[in-house]
Amino acid sequence: MAGNGWDEGPRRRIVVGVNGSPGSRAALRWAIAEARRTGAGLLAVHAWQSPVGERRALRYPDWPPVVEAREAAADVLAAAMELAFAAGVVADGELVRGAAAAALVRIADREGGLLVLGTGTRTGRFRAARGRGRVAAHCLKHARCPVLTVPPTAERSEATPAVRL
C-alpha cells in the first residue's frame, strides 16, 4: 500500500476495528504486519453498546449488565493491544461507547490514515455489500480515508482493498 498516499504525511496511522471475531483477528494481524512494514502507528478501536439501552445505562452506570458489558469490551481491546505490543508495534487503543460503524468512521477520518476491518462476522439478513457485513458497508460508504477489508482466513497478502462505487 505504500505510495498510494495513506502512509504519507504527518498523521499516518492505521485504525483497525476489533471485536474478538475471527474476521477482526485477521484484520488486526494484517494491520500489525502493515504497521511493522511501514513504521505506521496503530490504533485499535472497539465500540460497545449497553445491553440495557443507552438511557438506562447513562442513568445507572454501575448496574451489573452495564458494568459487565463495559468490562467485556475492555477485555477485547486489551487482547488486541497485547497482540500488537507482542509484535513490537507502537499502538494505542480506544474504547468507544456507541455504534461501531459510526465510531470507526469518525475515528478513521480523525486519524487520516487507513481503516482496516474484518469481514465475515455476520450471517443471514445482516450481510451486506457483497458479504462484507453492515459495519464494513457503512465504513466503505462514509469514510473519507482508504478502507481495507480482510476476510477471517486471510493472511496479509490476501487482504482486498475495498472499492467505493
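Treat the numbers as computed from the prediction; the structure is a model and nothing was measured.

The rules behind each value
- Residues numbered from 1 in each chain as written.
- Predicted model: local features only at pLDDT ≥ 70, side-chain atom pairs only at ≥ 80, totals over all residues.
- Heavy atoms only, no water.
- Helix = DSSP H or I, 4+ residues; strand = E, 2+ residues; numbered from the N terminus.
- Buried < 20%, exposed > 50% of the residue type's maximum accessible area, 1.4 Å probe, protein only.
- Contact = heavy atoms within 4.5 Å.
- Core = buried A, V, L, I, M, F, W, Y, C linked by side-chain atoms within 4.5 Å.
- Axes fitted to C-alpha atoms, helices over the stretch in contact; angles between N-to-C directions.
- Left-handed = near helix turned anticlockwise from the far one by under 90°.
- Nonpolar A, V, L, I, M, F, W, Y, C, P; charged D, E, K, R; others polar.

Draft legend 1. Local environment of the environment of Gly-41. With respect to the element layout, Gly-41 can be found in strand E2 (residues 41–48). Taking the relative accessible area as the measure of exposure, Gly-41 reaches 19% and is therefore buried. When the C-alpha positions of Gly-41 and Val-90 are compared, they lie 5.4 Å apart, and in sequence the two are 49 residues distant. Excluding residues within four positions of it along the chain, Gly-41 makes contact with Arg-12, Arg-13, Ile-14 and Val-90.

Draft legend 2. Seen up close, the nonpolar core. Of all hydrophobic cores here, the largest spans 23 residues; its most connected members are Val-16, Leu-42 and Val-116. Among the elements of the structure, strand E1 (13–17), helix H1 (22–38), E2, helix H3 (64–86), strand E4 (114–118) and strand E5 (147–150) are those that each provide at least two residues to this core. The dominant element in this core, judged by the number of residues it contributes, is H1, at seven residues. Residue contacts for Leu-42: discarding those within four places in its chain leaves Arg-13, Ile-14, Val-16, Leu-28, Ala-31, Ile-32, Ala-84, Val-89, Val-90, Ala-91 and Asp-92.

Draft legend 3. Up close: the packing of helix H4 (residues 100–111) against helix H5 (residues 134–142). Contact geometry for H4 and H5: axes closest at 9 Å, N-to-C directions at 40°. Considering how the two elements wind past one another, H4 and H5 form a crossing that is right-handed. Of H5, the residues touching H4 (which contributes Ala-100, Ala-101, Ala-102, Leu-104, Val-105 and Asp-109) are Val-135, His-138, Cys-139 and His-142. In the contact of H4 with H5, the residues fall into seven nonpolar, two polar and one charged.

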